[in-house]
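Coordinate analysis (summary)
Here is what each chain is made of, one letter per residue.
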Amino acid sequence: MARRSKVVADFDAAVAGIPDGATIAFGGFALPGVPFNLTAALLRQGAKRLVCIGNTTGGAHKPRNPDIGMLVENGQVAKVICSFTAAPRASDKLPFTPFYERGEVEAEVVPQGTLAERLRAAGAGIPAFYTPTAVGTELAAGRETRIINGREVLLEYALPADVALLRAWRADEAGNLRFRRAQRNFAPAMASAAKLVIVEVEEPILPAGAIDADDVHVPGILVHRLVVIPPAPEGIWPALPARKEAAS
């Protein structure tokens, strides 16, 4: 019996069918692993009332790449669950910020390690866990804590997603994924936590089995749709901002 191909023709086809109200996990940490092309397609697709999970809401640098902040600006987002809702520099202001300050979108701040573990727990079938992270802070206000081995810990719930949008370096026809360096970040946990995993891939799709099993970061059983990123300008290939020369 022939295996059904997971490769789709383009980004619009890849995000087709994502419904209003979906919870979507966006891979990426700074630039590495961010699914810019799939995010752009979701902007075109127009699904509303989305709950977006990610490390941040996007960047403040110019030119901008498609990010959660653009989805917020487009009126598609009801809530963002992330580790940072503000820029790391006071001189920068994220596009997300005014929408949050006006009460047009909800935000849930989750420490990075807790965010990763909540996603991993969802993929592992663990409904909740305790962690000392955030105990004694505003994030713990009104929430359940316990004393375990003499230490106060906070109850955190697993964070499942309907969809994960990821960017990978390589993939084979079976959907096995390999990431390049920091590109890996949240991706494996998000892939295990989501019902539908959609991946934009930087290199041509390889024959099934071409990636050695020891080199697979996400197994193909978790992946549902693959789309190859075309060369620029059709495909989005962000580059790091040019570094300023040190003053002489």
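Our structure is the block above this text.
Residues numbered from 1 in each chain as written. Predicted model: local features only at pLDDT ≥ 70, side-chain atom pairs only at ≥ 80, totals over all residues. Heavy atoms only, no water.

1. Considering the overall build of the chain
If you tally the helices and strands in the chain, you get six helices and 12 strands. For 248 residues, the compact-globule estimate of 2.2 N^0.38 gives 18 Å, and the C-alpha radius of gyration of the chain, at 19 Å, lies within 12% of that figure. Overall, the C-alpha framework of the chain stretches about 55 × 50 × 45 Å when taken along its three principal axes. Here the chain holds 248 residues, and the buried ones make up 43% of them. If you take every contact in the chain between residues at least 6 apart in sequence, the share linking residues at least 24 apart comes to 78%. A total accessible area of about 13,000 Å² is found for the chain, and carbon and sulfur atoms account for 53% of it. If you average the places of the 27 positive and of the 26 negative side-chain charges in the chain, the two averages end up 1 Å apart. (Helix = DSSP H or I, 4+ residues; strand = E, 2+ residues; numbered from the N terminus. Rg over C-alpha atoms; globule rule 2.2 N^0.38 Å. Buried < 20%, exposed > 50% of the residue type's maximum accessible area, 1.4 Å probe, protein only. Contact = heavy atoms within 4.5 Å. Areas by Shrake-Rupley, 256 points an atom, 1.4 Å probe, with all protein chains shown as cover. Lys, Arg positive; Asp, Glu negative; His and termini not counted. Charge placed at Lys NZ, Arg CZ, Asp CG, Glu CD.)

2. Comments concerning the packing of aromatic side chains
Given two aromatic rings, one states the distance between the centres and the angle between the planes to describe the pair. Tallying each qualifying case throughout the model produces one aromatic pair. For the pair F96 and Y100, a centre-to-centre distance of 5.9 Å together with 15° between the ring planes defines the contact as stacked. You can see F96 and its partner Y100 sitting in helix α4 (residues 96-101), four residues apart, about one turn around the helix. F96 gets classed as buried once you look at its relative accessible area, which sits at 1%. Owing to a relative accessible area of 41%, Y100 belongs among the partly exposed residues under this scheme. In this structure, R167 is placed above the aromatic ring of W237, and the distance from its NZ or CZ to the ring centre is 5.1 Å. (Phe/Tyr/Trp six-rings, centres within 6.5 Å; stacked < 30°, edge-to-face > 60°. Lys NZ or Arg CZ within 6 Å of the ring centre and 35° of its normal.)

3. Considerations on the pattern of salt bridges
Summed over all chains, the structure comprises 14 salt bridges. Across the salt bridge formed by R118 and E108, the nearest N and O atoms sit 3.0 Å from each other. You can see R118 sitting in helix α5 (residues 112-124) and its partner E108 sitting in strand β4 (residues 106-109), a full 10 residues away along the chain. Residue classification places E108 among the partly exposed residues on the basis of a relative accessible area of 25%. What you see here is one network of salt bridges that share partners, running through K79, E106, E108 and R118. (Salt bridge = Lys/Arg side-chain N within 4 Å of Asp/Glu carboxyl O.)

4. A look at the state of the cysteines
Enumeration according to the criterion identifies zero disulfides in this entry. Here C52 is not cross-linked by a disulfide; its sulfur's nearest cysteine counterpart is in C82, at 9.7 Å. Using a relative accessible area of 0% as the deciding quantity, one classes C52 as buried. Take C82: its relative accessible area is 0%, and that puts it in the buried class. (Disulfide = S-S within 2.5 Å.)

5. Remarks on helix α2 (residues 36-45)
Across the 10 residues that make up α2, a large majority, seven, are buried. All of the buried residues in α2 are F36, N37, L38, T39, A40, A41 and L42. Looking one or two residues beyond α2, the residue adopting positive phi is G46, at roughly 90°.

6. Considerations on the sheet that holds strand β6 (residues 145-148)
Sheet architecture is open: three strands sit in the order β5-β7-β6, paired in antiparallel fashion. The outermost strands of the open sheet, each flanked by one partner alone, are β5 (128-131) and β6. The sheet shows a mean angle of 40° between the axes of neighbouring strands, direction not considered. This element, α5, spans β5 and β7 (151-157) of the sheet and lies at about 155° to β5. (Pairing = 2+ DSSP bridges. Axes fitted to C-alpha atoms, helices over the stretch in contact; angles between N-to-C directions.)

7. Observations concerning the sheet that holds strand β8 (residues 161-168)
What the seven strands build is an open sheet, ordered β4-β3-β2-β1-β8-β11-β12; its pairing is parallel. Each edge of the open sheet is held by one strand with a lone partner, namely β4 and β12 (225-228). In this sheet, neighbouring strand axes are inclined to one another by 20° on average, regardless of whether the strands run parallel or antiparallel. Examined bridge by bridge, strand β11 (residues 194-201) and β12 share four bridges and lie parallel to one another. Each bridged residue has a counterpart across the sheet, and for E200 the counterpart in β12 is V227. Those strands touched by α5 are β2 (50-56), β3 (77-84) and β4, and its axis lies near 130° from that of β2.

8. A closer look at the side chain of R118
Judged by its relative accessible area of 8%, R118 is buried. For R118, the residues in contact, after removing those within four places along its chain, are E108, V110, F129, E156, Y157, A158 and L159.

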